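Tertiary structure, described
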Amino acid sequence: MTTPTTHLPAAAASYDGLVARVLGGDFGPDPRTQRVAVAFSTRQAVRHEGRSGGYRNEVLSLRLAGAVGSCAVEPGELPDAAIEDCVGADLARLMAHELRPVRVAALDTYLMHVLPHTPAHGARPWSLPAGSSLRKSRARARAVVGLVDAAPGARVLVVGVVNSLLEALRARGLSYVPCDLKGGTTEWGEPVRTDALAELAHCDAVLASGMTLGNGSFEALREHALRHGKPLVMFAQTGSAVLPRFLGSGVSAVCAEPYPFFWLDGGPGTLHRYRADAPGAAR
């Protein structure tokens with residue numbers, strides 16, 4: 001039995017255009033009337049068993065009714081005052097906040113509220129097993145990499161290095177160019193490039209983190225993919241409700257992971273996968 005898909009708004013032509021449409025009421029209630037009840041940050045440091053290196057994450061999240069929207073930030077860069085700014089503020093004001101992560105989290109919160117991750121809105125659930133952080137990381141990686149439409153031997157630009165994703169790409173016979181603003185090396189000693197835009201022309205597909213919304217590089221990736229007909233798959237804790245709005249407008253698929261994220265507990269979880277070619281997808 002298939003779940004009917006509701007009529008969805010047309011795909012967004014640009015990030016700024018999406019914000020303008022939200023403010024104009026295209027998606028539902030006026031965001032000026034929607035106030036954030038709770039604002040919080042989540043910080044983690046991790047080193048998976050058997051891995052030589054670790055990493056840290058920090059995420060800003062805002063809550064409106066039952067919806068939580070999020071945007072990752074560089075650890076330590078979010079001022080405490082930003083959280084105070086958000087509590088009780090309307091989402092329209094926060095979409096114009098001086099800090100980009102606040103703007104992205106506000107947009108994500110609004111869209112999570114009006115277009116939650118349900119089959120009626122184009123999402124297809126993917127179950128994550130209970131278990132260790134590494135087991136769940138690898139399961140998520142298989143869900144994400146399964147969305148990459150590329151034949152063995154193709155070269156994938158990975159923007160936002162996650163070693164489990166690289167491992168899953170290897171298992172599919174795909175080569176990759178790891179890229180992250182932090183630089184460094186992968187688990188296998190491969191150098192991590194820092195300029196994703198400089199690598200675009202040399203890759204057949206792009207796999208990018210939703211963090212590109214928070215650092216401002218998403219639009220350049222989307223425009224390149226749209227112009228060249230190149231697959232662009234987004235894996236999204238940041239902007240998980242924002243990125244599906246670009247399906248068919250440069251984004252070919254999204255693996256959305258709203259709060260609470262897989263690394264927060266050892267129980268089972270659910271990801272939400274979207275494809276541009278799925279029935280009912282925005283065009």
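Our structure's up above, just so we're on the same page.
For the rest of this paragraph, the subject is the sheet that holds strand 4 (residues 124–128). If you trace the seven strands from one edge of the open sheet to the other, you get 4-10-9-8-7-5-6, paired in mixed fashion. Since the sheet does not close on itself, it has two edges, and those belong to strand 4 and strand 6 (175–179), each with one partner. Within the sheet, the average angular offset between the axes of one strand and its neighbour, ignoring direction, is 20°. Here five bridges tie strand 4 to strand 10 (residues 269–275), and the two strands are oriented antiparallel to one another.

Enumeration over the complete set of coordinates arrives at four aromatic pairs. Note on phenylalanine 40 and tyrosine 259: the rings are 5.1 Å apart at their centroids and 75° apart in plane angle, and the pair reads as edge-to-face. On the criterion of sequence distance, the pair formed by phenylalanine 40 in strand 1 (residues 38–46) and tyrosine 259 in the loop between strand 9 (253–256) and strand 10 is long-range, its members being 219 residues apart. Its relative accessible area of 22% is what places phenylalanine 40 among the partly exposed residues.

Moving on, we come to the environment of alanine 105. With respect to the helices, strands and loops of the structure, alanine 105 is situated in helix 4 (residues 100–114). Each C-alpha atom of the pair alanine 105 and threonine 238 lies 7.6 Å from the other, and the pair is 133 residues apart in sequence. Ignoring sequence-local partners within four residues, the contact set of alanine 105 consists of Leu60, Leu62, Gly69, Ser70 and Cys71.

Attention shifts here to the pairing of strand 7 (residues 205–209). Buried residues dominate strand 7, accounting for five of its five residues. Because side chains alternate across strand 7, one face comprises the buried residues Ala205, Leu207 and Ser209, and the other comprises Val206 and Ala208, equally buried. In the sheet, strand 5 (residues 155–159) pairs with strand 7 via four bridges, with the strands oriented parallel. Across the sheet, valine 159 pairs through a bridge with alanine 208, a residue of strand 7. Pairing analysis gives four bridges linking strand 7 to strand 8 (residues 232–236), with the strands arranged parallel. Residue alanine 208 lies in a different strand from strand 8, and its bridge partner there is methionine 234.

Before going further, it helps to examine the side chain of lysine 230. The topology assignment puts lysine 230 in the loop between helix 9 (218–228) and strand 8. Despite its burial, lysine 230 pairs with no opposite charge, the nearest such side chain being aspartate 204 at 6.5 Å. At 2.9 Å, the side chain of lysine 230 forms a polar contact with the backbone oxygen of leucine 200. Of note is the side chain of lysine 230, whose polar atom sits 2.8 Å from the backbone oxygen of cysteine 203. Look past the residues within four positions of lysine 230 in its chain and what remains in contact with it is Leu200, Ala201, Cys203, Asp204, Ala205, Val206, His224, Ala225 and Gly250.

Next up on the list: the pattern of salt bridges. This model, assessed by the stated rule, comprises 10 salt bridges. Two residues, aspartate 265 and lysine 136, come together in a salt bridge whose shortest N-O distance is 3.9 Å. Separated by 129 residues along the polypeptide, aspartate 265 in the loop between strand 9 and strand 10 and lysine 136 in helix 5 (residues 133–145) bring together distant segments of the chain. Of the residues examined, aspartate 265 reaches a relative accessible area of 43% and is grouped as partly exposed. The salt bridge partner of glutamate 190 is arginine 170, with a shortest N-O separation of 3.1 Å. In this pair, glutamate 190 is assigned in the loop between strand 6 and helix 7 (196–199) and arginine 170 in helix 6 (residues 163–171), connecting sequence segments 20 residues apart. With a relative accessible area of 22%, glutamate 190 lands in the partly exposed category.

About the thresholds
Residues numbered from 1 in each chain as written. Predicted model: local features only at pLDDT ≥ 70, side-chain atom pairs only at ≥ 80, totals over all residues. Heavy atoms only, no water. Pairing = 2+ DSSP bridges. Helix = DSSP H or I, 4+ residues; strand = E, 2+ residues; numbered from the N terminus. Axes fitted to C-alpha atoms, helices over the stretch in contact; angles between N-to-C directions. Phe/Tyr/Trp six-rings, centres within 6.5 Å; stacked < 30°, edge-to-face > 60°. Buried < 20%, exposed > 50% of the residue type's maximum accessible area, 1.4 Å probe, protein only. Contact = heavy atoms within 4.5 Å. Lys, Arg positive; Asp, Glu negative; His and termini not counted. Salt bridge = Lys/Arg side-chain N within 4 Å of Asp/Glu carboxyl O. Polar contact = N/O pair within 3.5 Å; in protein donor to acceptor, adjacent residues only side chain to side chain.

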